[in-house]
Amino acid sequence: ELKVEQNPLFLSMQEGKNYTIYCNYSTTSDRLYWYRQDPGKSLESLFVLLSNGAVKQEGRLMASLDTKARLSTLHITAAVHDLSATYFCAVEGTYKYIFGTGTRLKVLA
Amino acid sequence: DAGVTQSPTHLIKTRGQHVTLRCSPISGHKSVSWYQQVLGQGPQFIFQYYEKEERGRGNFPDRFSARQFPNYSSELNVNALLLGDSALYLCASSLRAGATFFGPGTRLTVL
């Protein structure tokens, strides 16, 4: 059964600092997605990674995919308070997405 | 363009009752999926429908059922509600292959 693990589960960081969230998955998949979720809200699509070596950047966030290592990273550059949210990675299985446990990010002023 | 829409936004039920949640996909999307997100956890897959046929089912009891209509909208039904069914229910739509877009969700509280 496909399993997706994220770490860390919780991340408290100062504004202006850099950090990386890791997403490991257990079986072969070429498609990985990153979502953001604010408290009480739905999932907002951040990145779609469709092949090995894919790298996508949007503002202070950059996501990459290494399908051979079964690893995706979400890198945060110079964090700002507005990035505080929960971030999920999801791997595409058969007819479904399997979500990671989520990383709750809190950026402190 | 309208995104995925869901109704109702919030719902409070008591144990043993039945609930129906509704979803309208993005125009042109023929695939609808349902996910359950319990507080503090990631979404868990319940069902996927494509062209009115069930394509996938997650590890949920038979109390959970769904269907898709000719206009590609969908309903999720849950019978004999339990306290543990309290969650955010997310509907998602996609083209046959491609990114999946999630609706705003229905917050179900079972008392």
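Residues numbered from 1 in each chain as written. Chains lettered and ligands numbered in written order. Predicted model: local features only at pLDDT ≥ 70, side-chain atom pairs only at ≥ 80, totals over all residues. Heavy atoms only, no water.

Novice: Would you take a moment to explain the state of the cysteines for this structure?
Specialist: Disulfides are covalent bonds that link the sulfur atoms of two cysteine residues. Residues and elements named next belong to chain B. Applying the stated criterion across every chain, the model contains two disulfides over all chains. Here cysteine 23 engages in a disulfide with cysteine 91; their sulfurs sit 1.8 Å apart. Torsion about the S-S bond of the cysteine 23 and cysteine 91 cystine: about -65°, corresponding to left-handed handedness. Residue cysteine 23 is found in strand β3 (residues 19–24), and its partner cysteine 91 is found in strand β9 (residues 87–94); the two are separated by 68 residues along the sequence. (Disulfide = S-S within 2.5 Å. Helix = DSSP H or I, 4+ residues; strand = E, 2+ residues; numbered from the N terminus.)

Novice: Can you help me understand the sheet that holds β3(B) in this one?
Specialist: Adjacent strands of a sheet pair through backbone hydrogen bonds, lying either parallel or antiparallel. Residue and element names in this part refer to chain B. Within the open sheet, the four strands sit side by side as β1-β3-β8-β7. Their pairing is antiparallel. If you trace the sheet from one side to the other, it starts and ends with β1 (5–7) and β7 (64–68), each paired once. For this sheet, the mean angle separating the axes of adjacent strands, direction not counted, is 15°. Note that β1 and β3 share three bridges and pair antiparallel. Note on β3: the bridge partner recorded for glutamine 6 is cysteine 23. (Pairing = 2+ DSSP bridges. Axes fitted to C-alpha atoms, helices over the stretch in contact; angles between N-to-C directions.)

Novice: Would you mind showing me how to read the packing of aromatic side chains here?
Specialist: What characterises a pair of aromatic rings is the spacing of the ring centres plus the angle enclosed by the ring planes. Evaluated as defined, the whole model comprises eleven aromatic pairs over all chains. Ring geometry for Tyr97(A) against Phe99(A): centres 6.4 Å apart, planes inclined by 50°, an arrangement best described as tilted. This pair shows no difference in class: Tyr97(A) is buried, exactly as Phe99(A) is. Consider the rings of Phe99(A) and Phe102(B), whose centres lie 5.9 Å apart with planes at 70°: the pair is edge-to-face. (Phe/Tyr/Trp six-rings, centres within 6.5 Å; stacked < 30°, edge-to-face > 60°. Buried < 20%, exposed > 50% of the residue type's maximum accessible area, 1.4 Å probe, protein only.)

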